[in-house]
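The residues making up each chain are set out below.
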Number of protein chains: 2
Amino acid sequence: MTQQQIMVKSALDAWNTHINRTWNLFTELSDEQLEQPTASGRNSGYYLLGHLVAVHDGLLPLFGIGNKLYPELEEPFIQQSEATGSDKPPVKELREHWQQVHTKLSKEFNQFTVEQWLQKHTAVKEEDFAKEPHRNRLNVLLNRTNHLAYHLGQLVYLKK
Amino acid sequence: MTQQQIMVKSALDAWNTHINRTWNLFTELSDEQLEQPTASGRNSGYYLLGHLVAVHDGLLPLFGIGNKLYPELEEPFIQQSEATGSDKPPVKELREHWQQVHTKLSKEFNQFTVEQWLQKHTAVKEEDFAKEPHRNRLNVLLNRTNHLAYHLGQLVYLKK
């Protein structure tokens, strides 16, 4: 392996580990448990499941590998807080969406070469990328893994 | 910048961002707030502060850049749960320890070359590292950043 491949492996391993840990937790929790707040007055597991699906679904257009599978999740789970109480899908549906989004991402991520990981994401302009080459897909992957770990730390509070 | 330098920059940026966010939160919270549980029946902010200082202090020997500054934190904040209630330092002292540990780490991290980031950490044997070259310092940095993000997600629950 080249130095670059070793680094990409570390980043992908961390992503996959956190995706698996989070999915295992969602599987372990009943629908009723997921609908509880993670702490008094805080987001429910249900909301965080929808939030994570919506954010990860956004990686498809951000990486230029497809359109969002569930663009309707953007408003209730990213733009709005849980308290807003707009129309939201049932928890069983969100569980299926999680699997669809991550199956798709996993397939794409496993095919990316080092060069593709270091390409700019679609939210940065060519001229900015020339000066800021770290604004690439790998950087987004690191940030999304940290974002996932942050919410996983909250989701574990749903366990008795 | 080389591809490797770009990748190291992303990993270091993520670490520094989370260290700064966590420190800003600790600064914002009073000693009394830090001593509250992050959620009902869960770790206090005080315990998580001690836990993070102890874990990050462990990076010094793990990276082969020095001995732990506060080896006495290992037992109460890593080996034992908060409930065990062994002798623990006052919160003001832990705040100072946080700054000492991160000032030292920051100085070392900024001097590491790409080659040094890709060197094995001290917990892996030479013969294993030859087969598993991703068991390097950079990999540890990614994992510790995720670990920090995980607990930061819990610590924000201390904010009103």
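Residues numbered from 1 in each chain as written. Chains lettered and ligands numbered in written order. Predicted model: local features only at pLDDT ≥ 70, side-chain atom pairs only at ≥ 80, totals over all residues. Heavy atoms only, no water.

(A) How the structure looks around the overall build of chain A. Summing up its helical and strand segments, chain A has nine helices and zero strands in all. Taking 15 Å as the expected radius of gyration for a compact globule of 160 residues, we find that chain A reaches 17 Å, a close match to that expectation. Overall size of chain A, expressed as C-alpha extent along the three principal axes, is 45 × 30 × 25 Å. Burial analysis of chain A (160 residues in total) assigns 52% to the buried set. For chain A, the share of sequence-separated contacts (at least 6 apart) that also reach a separation of at least 24 residues comes to 70%. Accessible surface computed for chain A: about 7500 Å², of which carbon and sulfur atoms make up 47%. Distance from the positive charge centre (17 side chains) to the negative charge centre (19 side chains) of chain A: 5 Å. (Helix = DSSP H or I, 4+ residues; strand = E, 2+ residues; numbered from the N terminus. Rg over C-alpha atoms; globule rule 2.2 N^0.38 Å. Buried < 20%, exposed > 50% of the residue type's maximum accessible area, 1.4 Å probe, protein only. Contact = heavy atoms within 4.5 Å. Areas by Shrake-Rupley, 256 points an atom, 1.4 Å probe, with all protein chains shown as cover. Lys, Arg positive; Asp, Glu negative; His and termini not counted. Charge placed at Lys NZ, Arg CZ, Asp CG, Glu CD.)

(B) Spatial organisation of the pattern of salt bridges. All names here are of chain A. Under the criterion given, the structure shown has 14 salt bridges over all chains. A salt bridge links lysine 9 to aspartate 13, with the shortest nitrogen-to-oxygen separation between them at 3.0 Å. Of the two residues, lysine 9 and aspartate 13 are both situated in helix α1 (residues 3-28); the distance of four residues between them amounts to about one turn of the helix. Linked by salt bridges that have partners in common, Asp31, Lys92 and Arg95 make up one network. (Salt bridge = Lys/Arg side-chain N within 4 Å of Asp/Glu carboxyl O.)

(C) The arrangement of the relation of the copies chain B and chain A in detail. Note on the copies: chain B fits chain A at an RMSD of 0.0 Å, the axial shift is 0.0 Å, and the rotation between them is 180°. Put plainly, the chains are arranged around a two-fold axis. Judged by C-alpha distance, tyrosine 150 of chain B is the residue of chain B that lies nearest the rotation axis, at 2.1 Å. The residues that chain B uses at the interface reappear at the interface of chain A in 100% of cases, marking a shared surface. (Least-squares fit on C-alpha atoms with pLDDT ≥ 70 in both.)

(D) Focus on empty space enclosed by the protein. Summed over the entire model, instances satisfying the criterion amount to two cavities of 30 Å³ or more. Around the largest cavity, the lining residues are Ala11, Ala14, Leu142, Thr145 and Asn146 of chain A together with Ala14, Leu142, Thr145 and Asn146 of chain B. For the lining of the largest cavity, the secondary-structure elements that each account for two or more residues are α1 and α9 (137-155) of chain A together with α9 (137-155) of chain B. Taken together, the residues of the lining of the largest cavity break down into five nonpolar, four polar and no charged. Considering only enclosed or pocket space, the second largest cavity measures out at about 40 Å³ in volume. (1 Å grid on protein atoms, 1.4 Å probe; cavity = no way out; pocket = protein on both sides within 12 Å on 5 of 7 lines; lining within 4 Å. Points joined across faces, edges and corners; volume = space filled by probe spheres on them. Nonpolar A, V, L, I, M, F, W, Y, C, P; charged D, E, K, R; others polar.)

(E) The interface of chain B and chain A, seen in detail. On the side of chain A, 36 residues touch chain B, which itself brings 36 residues to the contact. Taken together, the two surfaces of chain B and chain A that pack against each other cover about 3100 Å², and 61% of this comes from carbon and sulfur. Taken as a group, Met7, Tyr150 and Tyr157 of chain B account for 23% of the area that chain B buries against chain A, more than any other trio of residues on that side. At the boundary of chain B and chain A, one finds zero salt bridges. The interface formed by chain B and chain A holds 15 residue pairs in polar contact (both at pLDDT 80 or more) in total. Elements represented by at least two residues in the side of chain B that touches chain A include exactly α1 (3-28), α7 (114-117) and α9 of chain B. Top element by residues in the side of chain B that touches chain A is α1 of chain B. It accounts for 12 residues. When its residues are assigned to classes, the side of chain B that touches chain A shows 17 nonpolar, 13 polar and six charged. (Buried area = accessible area lost by both parts, 1.4 Å probe. Polar contact = N/O pair within 3.5 Å; in protein donor to acceptor, adjacent residues only side chain to side chain.)

(F) Main features of the side chain of aspartate 57 of chain A. Residue and element names in this part refer to chain A. Mapping aspartate 57 onto the fold places it in helix α3 (residues 45-57). Buried within the structure, aspartate 57 lacks any salt-bridge partner; its nearest side chain of opposite charge belongs to lysine 68, at an N-O separation of 6.0 Å. Not counting the four nearest positions on each side in its chain, aspartate 57 is found in contact with Lys68, Leu69, Tyr70, Pro71 and Val101.

Functional significance is not addressed by these values, which are geometric in nature.
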